[in-house]
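As a plain string of letters, each chain reads:
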Amino acid sequence: MFSKSKINEPGSKAPEAAKPATPATPAAPAPSEQKPAAPKPKPPASVLSSDLHITGNIKTTGDIQVEGTVEGDIRAHLLTIGETATIKGEVTADDVVVNGRIVGRVRGLKVRLTSTARVEGDIIHKTIAIESGAHFEGSVQRQDDPLNPGRSSKSSGNPAAATAEVSQ
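Summary of the structure given here. Numbering of residues starts from 1 in each chain and follows the order in which that chain's sequence is written. Only residues with pLDDT of 70 or above have their local features reported here, since the model is predicted, and side-chain atom pairs are shown and tallied only from 80 upward, although totals for entire chains, interfaces and linings are computed over all residues. To obtain the side-chain values, all non-hydrogen atoms of the structure were used and water was disregarded.

## Thoughts on the environment of leucine 79
Runs of H or I in DSSP of at least four residues are treated as helices and runs of E of at least two as strands, each being numbered from the N terminus. Along the polypeptide, leucine 79 turns up in strand 6 (residues 74-81). Considering only alpha carbons, one finds leucine 79 and aspartate 63, 16 residues apart in sequence, at a separation of 5.9 Å. When near neighbours in sequence (up to four residues on either side) are disregarded, leucine 79 contacts Ile64, Val66, Ile74, Val91, Ala93, Asp95, Val96 and Val97. Whether two residues are in contact is decided by their heavy atoms: any pair within 4.5 Å suffices.

This is the structure in structure tokens:
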């Protein structure tokens with residue numbers, strides 16, 4: 001019923017004294033493992049599929065790929081609008097890649113309209129690329145900080161009103 005514990009034996013006290021030193025040894029490499037703490041791998045983009053219809057605003061610090069329909073504003077780090085996507089609202093992101101349709105304002109540090117893009121609204125950007133075949137109706141304006149809507153729209157660059165269809 002009762003067993004004799006090795007803690008009370010005189011010969012076992014030396015190993016017990018050594019045990020606290022043993023955990024200290026593995027603890028020493030643990031801080032070295034934390035020193036080169038590599039940044040966490042970036043999570044994959046959230047995908048809103050083509051059969052999804054969202055009414056409301058979307059906000060994230062991550063990446064989004066939209067293939068469906070969104071009626072509302074979107075704010076993200078990297079926003080990719082798929083060929084089947086339609087956005088009705090303001091789009092704000094560090095990087096915006098438009099393959100589909102946007103009806104509303106686009107704000108981005110880097111904005112890219114591919115050949116399948118259809119944009120009806122103003123584009124406020126730091127850098128822009130418009131591929132041949134893209135359709136765009138609105139004005140284009142360069143700003144150093146296009147993500148901040150509080151800035152005066154005339155503080156940087158001249159707005160260029162445009163109705164254009166780029167073709168080959």
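## What to know about the environment of valine 47
Its place among the elements puts valine 47 in strand 1 (residues 46-48). Valine 47 sits in the exposed class, given a relative accessible area of 52%. Between the alpha carbons of valine 47 and aspartate 63 there is a distance of 8.8 Å; along the sequence they are 16 residues apart. Burial status follows relative accessibility: with a 1.4 Å probe on protein chains alone, a residue under 20% of its type maximum counts as buried, one over 50% as exposed, and anything between as partly exposed.

## Side note on the nonpolar core
Definition of nonpolar core: a set of buried residues of the types Ala, Val, Leu, Ile, Met, Phe, Trp, Tyr and Cys, connected through side-chain atoms within 4.5 Å. Membership of the largest hydrophobic core comes to 25 residues, with the highest contact counts inside it found for Val66 and Leu113. Beyond its immediate stretch of four places on either side in the chain, valine 66 contacts Leu48, Ile74, Leu79, Thr80, Ile81, Gly82, Ala85 and Ile87.

## Brief notes about the pattern of salt bridges
Should a side-chain nitrogen of Lys or Arg be within 4 Å of a carboxyl oxygen of Asp or Glu, the pair is scored as a salt bridge. Taken as a whole and judged by the stated rule, the model has four salt bridges. Salt-bridge contacts for glutamate 90 lead to arginine 107; the nearest nitrogen and oxygen are separated by 2.9 Å. Of this pair, glutamate 90 sits in the loop between strand 7 (86-88) and strand 8 (91-98) while arginine 107 is found in strand 10 (residues 106-113), placing the two residues 17 residues apart along the sequence. Taking the relative accessible area as the measure of exposure, glutamate 90 reaches 23% and is therefore partly exposed. When its relative accessible area of 6% is taken as the criterion, arginine 107 is described as buried. Across the pair arginine 112 and glutamate 131 runs a salt bridge whose closest N-O atoms are separated by 2.7 Å. Taken together, the residues span a long stretch of sequence, with arginine 112 in strand 10 and glutamate 131 in the loop between strand 12 (123-130) and strand 13 (135-142) at a distance of 19 residues. Its relative accessible area of 39% is what places arginine 112 among the partly exposed residues. For glutamate 131, a relative accessible area of 27% puts it in the partly exposed group.

## Quick notes on the side chain of histidine 125
Tracing the sequence through the fold places histidine 125 in strand 12. In protein, a polar contact requires one atom able to donate a hydrogen and another able to accept it; more generally it is a pair of N or O atoms within 3.5 Å, and residues adjacent in sequence count only if both atoms are side-chain atoms. For histidine 125, the side chain forms a polar contact with the main-chain nitrogen of threonine 127, separated by 3.5 Å. Once residues within four sequence positions are removed from consideration, histidine 125 is found in contact with Gly108, Leu109, Val111, Val140, Gln141, Arg142, Gln143 and Pro146.

## Describing the environment of isoleucine 128
Tracing the backbone through its elements, the reader meets isoleucine 128 in strand 12. Along the primary structure isoleucine 128 and lysine 110 are separated by 18 residues, whereas in three dimensions their C-alpha atoms are 5.8 Å apart. The contacts of isoleucine 128, once residues within four sequence positions are left out, are Val111, Ile123 and Val140.

## Digging into the pairing of strand 4 (residues 63-66)
We treat two strands as partners when DSSP finds at least two bridges between them. Bridge analysis of strand 1 against strand 4 gives three bridges, and the strand direction is parallel. Directly across from leucine 48, in strand 4, lies its bridge partner valine 66. Judged from the four bridges that link them, strand 4 and strand 6 form a sheet pairing that is parallel. Residue pairing in the sheet places valine 66 in a bridge with isoleucine 81 of strand 6.

## Here's the deal with the pairing of strand 10
Two strands pair when backbone bridges link them, and strand 8 and strand 10 are joined in this way by seven bridges, in the parallel orientation. Along strand 10, the bridge assignment pairs alanine 93 with glycine 108. In this sheet, strand 12 lies alongside strand 10 in parallel orientation, the contact comprising seven bridges. Within strand 12, the residue paired with valine 106 across the bridge is isoleucine 123.

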